[in-house]
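Residues per chain, in single letters:
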Amino acid sequence: MFELLQERLFQLALIAALLVGLCAPAVGTFIVQRRLALLGDGVGHIALTGVALGFLTGSAPVLTAVIVSIAGAVAIELVRARGRTSGDVALALMFYGGIAGGVMLMAIAPGGSNAKLNSYLFGAIASVTVEDIWVVGALAAAVLAVVAIFGRELFVLCQDEEMAKASGLPVRFLSMLIAVTAALTVVIAMRVVGLLLVSALMVIPVATSQQLTRGFRSTMGLAMLFGVLASVGGLLASTYSAKVPPGAAIVLLALAGFVLALGVGKFVRRGRTQESTVSERPKLRIEEVA
């Protein structure tokens, strides 16, 4: 392990895994609370078009993915907010259009190939460069800053949109902010777990945390911890075995954590129920005697 930490490529991959493990569950907490768990998938498909556009124009794929992802996320939110098309239908339209556009543009891009496309679809953390880390770090700082500054307002919005409107909060702005932050998170994670699996890292750690906690802040904090553990664990698994894809290993570890938390959560809740029942028994007996 100590020898791995001295290798440059592993250091870069570890930094990327840590950033993704922190950001994805932090944003995912708001998305899950608002019942938009598939938003990451929709934006991920749109980001594929942005990546292909980067290869077609000779630009940096990460930057074009940021622009296209933000535009797509805003479009999804506008369609959902106007109510003419339900949220799941809007996401489905983006699913199909995003992946079809990405495949088409990559096919006509100079030097475009399925191998390059697969590295963004399923992740290629071993190929992360210093430039990628700077871009990912800047995007991660922006995402965490949004969570820190607007966390309370976003929580109110996700709990009850009508109450947020009655409280005078800028609901439209906050809704757009969630969508844009989700888009940035997708771009951050696409080099680590891939565009097809990024939504899993935004949702599964949150679902795992919900089995063990009740408060919103504790849920987010524990979800970020689970996200980091899954990301680093998947990276280590792929490092020690070249046959293990890092993105798939990260998601499977996150799923294993959810199954474990599901069992632990049931045991804890059963214990609480028994304790409350025992504590109520003397009171019932006293009332019966009276």
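Here is what the cut-offs are and how they apply
Residues numbered from 1 in each chain as written. Predicted model: local features only at pLDDT ≥ 70, side-chain atom pairs only at ≥ 80, totals over all residues. Heavy atoms only, no water. Helix = DSSP H or I, 4+ residues; strand = E, 2+ residues; numbered from the N terminus. Buried < 20%, exposed > 50% of the residue type's maximum accessible area, 1.4 Å probe, protein only. Contact = heavy atoms within 4.5 Å. Areas by Shrake-Rupley, 256 points an atom, 1.4 Å probe, with all protein chains shown as cover. Polar contact = N/O pair within 3.5 Å; in protein donor to acceptor, adjacent residues only side chain to side chain. Phe/Tyr/Trp six-rings, centres within 6.5 Å; stacked < 30°, edge-to-face > 60°. Core = buried A, V, L, I, M, F, W, Y, C linked by side-chain atoms within 4.5 Å. Axes fitted to C-alpha atoms, helices over the stretch in contact; angles between N-to-C directions. Parallel < 35°, antiparallel > 145°, perpendicular 65-115°, else oblique. Left-handed = near helix turned anticlockwise from the far one by under 90°. Nonpolar A, V, L, I, M, F, W, Y, C, P; charged D, E, K, R; others polar. Patch = residues over 30% accessible without salt bridge, like charges linked within 9 Å, V, L, I, M, F, W, Y side chains within 5 Å. Salt bridge = Lys/Arg side-chain N within 4 Å of Asp/Glu carboxyl O. Expected span 1.5 Å × (residues − 1). pLDDT = per-residue confidence, 0-100.

### A closer look at the overall build of the protein chain
Next up, step 1: Scanning the protein chain for helices and strands turns up 12 helices and zero strands.
Next up, step 2: Its helices and strands in sequence order give the protein chain the pattern α-α-α-α-α-α-α-α-α-α-α-α, from N to C terminus.
Next up, step 3: The buried share among the 290 residues of the protein chain stands at 46%.
Next up, step 4: Look at the contacts in the protein chain between residues 6 or more apart in sequence, and 75% of them connect residues 24 or more apart.
Next up, step 5: Here the protein chain has roughly 14600 Å² of accessible surface; of this, 67% comes from carbon and sulfur atoms.

### A few points about the side chain of Thr64
Next up, step 1: Relative to the helices and strands, Thr64 resides in helix H4 (residues 61–82).
Next up, step 2: Classification of Thr64 as buried rests on a relative accessible area of 11%.
Next up, step 3: For Thr64, the side chain forms a polar contact with the main-chain oxygen of Pro61, separated by 3.0 Å.
Next up, step 4: Not counting residues within four places of it along the chain, the set of residues in contact with Thr64 comprises Gly50, Val51, Leu53, Gly54 and Ser59.

### Some remarks on the packing of aromatic side chains
Next up, step 1: A complete count under the given rule lists three aromatic pairs for this structure.
Next up, step 2: The interplanar angle of 65° and the centroid separation of 5.9 Å between the aromatic rings of Phe150 and Phe173 together place this pair among those described as edge-to-face. Residue Phe150 is found in helix H7 (residues 130–159), and its partner Phe173 is found in helix H9 (residues 171–189); the two are separated by 23 residues along the sequence.
Next up, step 3: With relative accessibility at 26%, the residue Phe150 sits in the partly exposed group.
Next up, step 4: Its relative accessible area of 44% is what places Phe173 among the partly exposed residues.
Next up, step 5: Taking the centre distance of 4.7 Å and the plane angle of 55° together, the rings of Phe155 and Phe216 count as tilted. Within this pair, whereas Phe155 is found in helix H7, its partner Phe216 is found in helix H11 (residues 216–240), the two being separated by 61 residues in sequence.

### Let's talk about the nonpolar core
Next up, step 1: Within the largest apolar cluster, 81 residues are counted, with the highest numbers of intra-cluster contacts made by Ile31, Leu39, Ile188, Met190 and Met202.
Next up, step 2: The leading source of residues in this core is helix H2 (residues 8–33), at 14 residues.

### Quick notes on the environment of Lys266
Next up, step 1: Assignment of secondary structure puts Lys266 in helix H12 (residues 246–289).
Next up, step 2: Note on Lys266: relative accessible area 49%, which makes it partly exposed.
Next up, step 3: A C-alpha to C-alpha distance of 8.0 Å links Lys266 and Gln211, two positions 55 residues apart in sequence.

### Looking at the environment of Ala52
Next up, step 1: Structurally, the position occupied by Ala52 is in helix H3 (residues 39–57).
Next up, step 2: Along the backbone, Ala52 and Ala109 are 57 residues apart, and their C-alpha atoms lie at a distance of 7.4 Å.
Next up, step 3: Beyond its immediate sequence surroundings of up to four residues, Ala52 is in contact with Gly102, Leu105 and Met106.

### Some points on the packing of H2 against H7
Next up, step 1: Packing of H2 against H7 leaves a shortest axis separation of 9 Å and a crossing angle of 20°. Comparing their axes, H7 and H2 come out roughly parallel. As for how H2 packs across H7, the hand of that crossing is left-handed.
Next up, step 2: Its residues assigned to classes, the contact of H2 with H7 comprises 18 nonpolar, four polar and one charged.

### Quick notes on a nonpolar patch on the surface
Next up, step 1: Together, Leu53, Leu56, Met104 and Ile108 give the surface a local cluster of nonpolar side chains, amounting to about 340 Å² of exposed area.
Next up, step 2: Among the elements of the structure, H3 and helix H5 (87–108) are those that each provide at least two residues to the nonpolar patch.
Next up, step 3: Inspection of the secondary structure puts Leu53 in helix H3.

### A look at H3
Next up, step 1: Between its terminal C-alpha atoms H3 stretches 27 Å, which fits the 27 Å expected from 19 residues at 1.5 Å a residue.
Next up, step 2: Counting buried positions along H3 gives 16 out of 19 residues, so the element sits mostly inside the fold.
Next up, step 3: In the segment just after H3, Gly58 is the residue with positive phi, at about 75°.

### A closer look at the confidence of the model for the protein chain
Next up, step 1: Mean pLDDT over the protein chain works out to 78, with 85% of the residues at or above the 70 mark.
Next up, step 2: Per-element confidence in the protein chain is highest for helix H10 (residues 198–210), whose mean pLDDT is 87, and lowest for helix H1 (residues 2–5), whose mean pLDDT is 56.

### A word on the side chain of Gln211
Next up, step 1: Along the chain, the position of Gln211 falls in the loop between H10 and H11.
Next up, step 2: Relative accessible area serves as the criterion here: at 19%, Gln211 is assigned to the buried category.
Next up, step 3: Polar contacts involving the side chain of Gln211 include one to the main-chain carbonyl oxygen of Ala207, which spans 3.4 Å.

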